[in-house]
Amino acid sequence: MKKNENIALEFNEFSKNYTNDMIGCAPHYLQLVESFVKYFPENFNPGSVLDLGCGNGNISSQLVPYFPNATYTLVDASTEMINLCRHKFKDHNFIYHNNYFKDFSFNKDSYDLIVAGFSLHHLEDKEKQSIFKDIYSSLKQGGIFSYSDLMISKTNPEHPKILEEWHSFVNISFPDGEKWKWIMEHYDAFDKPTDYNIQIEWMKNAGFDDIQILYNQGYWIYLQAVK
Ligand SMILES: C[S@@+](CC[C@H](N)C(=O)[O-])C[C@H]1O[C@@H](n2cnc3c(N)ncnc32)[C@H](O)[C@@H]1O
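None of the values given here were measured: they were computed from a predicted structure.

Conventions we followed
- Residues numbered from 1 in each chain as written.
- Predicted model: local features only at pLDDT ≥ 70, side-chain atom pairs only at ≥ 80, totals over all residues.
- Helix = DSSP H or I, 4+ residues; strand = E, 2+ residues; numbered from the N terminus.
- Rg over C-alpha atoms; globule rule 2.2 N^0.38 Å.
- Buried ≥ 20, exposed ≤ 12 C-beta atoms within 10 Å, placed from the backbone.
- Contact = placed C-beta atoms within 7 Å.
- Pairing = 2+ DSSP bridges.
- Right-handed = clockwise from strand over helix to strand, strands pointing away.
- Axes fitted to C-alpha atoms, helices over the stretch in contact; angles between N-to-C directions.
- Arc of directions from axis to C-beta.

As for the overall build of the protein
Okay, step 1: In terms of regular secondary structure, the protein is built from nine helices and seven strands.
Okay, step 2: Against the globule reference of 17 Å for 227 residues, the protein gives a C-alpha radius of gyration of 17 Å, in line with a compact fold.
Okay, step 3: In the protein, buried positions account for 37% of the 227 residues.
Okay, step 4: A separation threshold of at least 6 residues defines the contact pool for the protein, and within that pool the share at least 24 residues apart is 70%.

Some words on the pairing of strand β4 (residues 111-117)
Okay, step 1: Most of β4 sits out of view: seven of its seven residues are buried.
Okay, step 2: Summarising the sheet, strand β1 (residues 48-52) and β4 pair through three bridges and their orientation is parallel. Residue Asp51 lies in a different strand from β4, and its bridge partner there is Val115.
Okay, step 3: Assessed by its sense of winding, the connection that carries the chain from β4 through helix α6 (residues 125-138) to strand β5 (residues 139-150) is right-handed.

Overview of the sheet that holds strand β7 (residues 220-226)
Okay, step 1: Read from one edge to the other, the open sheet built from seven strands follows the order β3-β2-β1-β4-β5-β7-β6, with strand pairing classed as mixed. Both outer strands of the open sheet, β3 (95-97) and β6 (210-217), are each paired with one neighbouring strand and no more. In this sheet, adjacent strand axes meet at a mean angle of 15 degrees when their direction is disregarded.
Okay, step 2: Helix α3 (residues 29-38) contacts β4, β5, β6 and β7 of the sheet and is inclined by roughly 150 degrees relative to β6.
Okay, step 3: In this fold α6 packs onto β1, β4 and β5, with an angle of close to 145 degrees to the strand it touches most, β5.

Some details on helix α9 (residues 196-206)
Okay, step 1: Along α9, the residues classified as buried are Tyr196, Gln199, Met203 and Ala206. The buried residues of α9 occupy an angular sector of 70 degrees when projected down its axis, which confines them to one face. Exposed and facing more than 90 degrees away from the buried side of α9 are Asn197 and Asn205.
Okay, step 2: Positioned one or two residues after α9, Gly207 has a phi angle of 125 degrees, which is positive.

Take a look at the structure:
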């Protein structure tokens, strides 16, 4: 795959074989996706869900069987990803926003659950701090922010080791090295992961005080923050 000039075009291209590519390219992808339905408090039953960076809908797909009556709002910069969701969820009355997060209106006290699967590492540090504030404000009291990603800064001394482990993982499914080369080009151009402890501080600054890491394999993490 060739590198594109912006994130929306990059993911239009990536959308073609997205789930298989993610399973082979992102360590622990399936376990992290499953985490989105494994760790909610008993009796948690959201009526409104916002999926930030929905991609082809893998996170919302997990949620729908558990929360079939909720209203789902899906946001993604990539038109192709949004189109895949429109097709996948054609029997549901979902709301779609083909927007960058910075252009999405985070209305106050609007959602019981906000999910972000592997989407916020595309944001600069300043944008992450700002979106945590938007997410906090947009959740209803008692609402949950549910978030998974690679959460290590590129300057972290452990980063080279994580890259080595990641490379070995990708080699299992794609031994010819082409995929790893593409991943590293994509990673250099579009991925800006941040250490989880820094992000947790930013979430606290945004107002969250109940934040729990519920699944982690190295720096591949799923966490929940309650408003
Ligand atoms: C790696 S995919 C994750 C998709 C899905 N949530 C999952 O867990 O498989 C990241 C998605 O976030 C979207 N995205 C990245 N940065 C974005 C931004 N600033 N605004 C809106 N969408 C963005 C991309 O277009 C892409 O579809």
